[in-house]
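Here are the chains, one letter per residue:
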Amino acid sequence: MAKKLMILFGTETGNAEMLAEDACSSAESNGFEAEVRGMDEITVEELCEVQRLLIYCSTWGDGEQPDNAQDFFDAVSECSASDLTGLNYGVLALGDTAFDLFCESGKEWDALLEEKGANRLVERMDCDTDFEDDAEFWTEQSLEKMATVE
Ligand SMILES: Cc1cc2nc3c(=O)[nH]c(=O)nc-3n(C[C@H](O)[C@H](O)[C@H](O)COP(=O)(O)O)c2cc1C
């Protein structure tokens, strides 16, 4: 049976969404049953059932979550410490080194999921404005690791 993979994006101007869609196509080519959703299109209850997760999330304002991610971030923050024990995840953070709080939102997701008991299967990558090649590389590596999760 195909392995399921959830791909979530937090975005304001579409970069993270584009990367998430690309990751979904690659995942499907590699035999996953993959699904892409905005962070405003999933509940915490659904997240608790997920085994494999890739997050693509940009940072806005002054180190803040993008608009479609803030409510979900707050909801996950309310989970108890062991709610996400079955979850294997990786975070790709999008940002711009011109800002003081570079890739802060992605860093927050990476830390939050670990705090809630999830397993960081893939090390986070923090991407500057020329993210395309780095992101593609990260996605390929991440899919290889996700494929090892039974
Ligand atoms: C108004 C504004 C605020 C931003 N604030 C930050 C920030 O605090 N830290 C950071 O690393 N990047 C920041 N960025 C850069 C975005 O995260 C970056 O452009 C990203 O690629 C946008 O991805 P998205 O289209 O998925 O939202 C900011 C960009 C804009 C236009």
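Reference entry: report on the structure contained in this document. If you're wondering where the values come from, they're calculated on a predicted model, not measured in any experiment. (Residues numbered from 1 in each chain as written. Predicted model: local features only at pLDDT ≥ 70, side-chain atom pairs only at ≥ 80, totals over all residues.)

1. Description of the nonpolar core
Item 1. Core analysis: the biggest nonpolar cluster contains 41 residues, and Ile 7, Ile 55, Tyr 56, Cys 57 and Leu 92 have the highest contact counts within it.
Item 2. Contacts of Ile 7, omitting those with residues within four sequence positions, involve Ala 20, Ala 23, Cys 24, Ala 34, Glu 35, Val 36 and Leu 54. (Core = buried A, V, L, I, M, F, W, Y, C linked by C-beta atoms within 7 Å. Buried ≥ 20, exposed ≤ 12 C-beta atoms within 10 Å, placed from the backbone. Contact = placed C-beta atoms within 7 Å.)

2. A closer look at the pairing of strand β4 (residues 88-94)
Item 1. Burial of β4 is extensive: seven of the seven residues sit out of reach of the surface.
Item 2. Neither face of β4 is exposed, since Asn 88, Gly 90, Leu 92 and Leu 94 on one face and Tyr 89, Val 91 and Ala 93 on the opposite face are all buried.
Item 3. Relative to β4, strand β3 (residues 52-58) is paired through seven bridges, and the arrangement is parallel. Along β4, the bridge assignment pairs Leu 54 with Gly 90.
Item 4. In terms of handedness, the path from β3 via helix α3 (residues 70-77) over to β4 forms a crossover that is right-handed.
Item 5. Where β4 and strand β5 (residues 119-120) come together, two bridges link them in parallel fashion. Counterpart to Tyr 89 in the pairing with β5 is Arg 120.
Item 6. Taken together, β4, helix α4 (residues 104-115) and β5 form a β-α-β motif whose crossover is right-handed.
Item 7. Pairing between β4 and strand β6 (residues 125-127): three bridges, direction parallel. (Helix = DSSP H or I, 4+ residues; strand = E, 2+ residues; numbered from the N terminus. Pairing = 2+ DSSP bridges. Right-handed = clockwise from strand over helix to strand, strands pointing away.)

3. Section: the pairing of β3
Item 1. β3 sits mainly inside the fold: seven of its seven residues count as buried.
Item 2. Burial along β3 is two-sided: the residues Arg 52, Leu 54, Tyr 56 and Ser 58 and Leu 53, Ile 55 and Cys 57 are all buried.

4. Some details on unusual backbone geometry
Excluding glycine, most residues fall at negative phi; most peptide bonds, likewise, are trans.
Item 1. Its identity as a non-glycine residue notwithstanding, Cys 103 has a phi of 55°, on the positive side.
Item 2. With respect to the helices and strands, the residue Cys 103 is situated in the loop between β4 and α4.

5. Structural notes on the packing of helix α1 (residues 15-29) against helix α5 (residues 132-146)
Item 1. Direction vectors running N to C along α1 and α5 enclose 40°, while the axes themselves pass 10 Å from each other. Judged by the angle between their axes, α1 and α5 are oblique. For the pair α1 and α5, the crossing hand works out as right-handed. Contacts between α1 and α5 involve Leu 19, Asp 22, Ala 23, Ser 26 and Ala 27 from the former and Ala 135, Thr 139 and Leu 143 from the latter.
Item 2. Of the residues that constitute the contact of α1 with α5, the class distribution is five nonpolar, two polar and one charged. (Axes fitted to C-alpha atoms, helices over the stretch in contact; angles between N-to-C directions. Parallel < 35°, antiparallel > 145°, perpendicular 65-115°, else oblique. Left-handed = near helix turned anticlockwise from the far one by under 90°. Nonpolar A, V, L, I, M, F, W, Y, C, P; charged D, E, K, R; others polar.)

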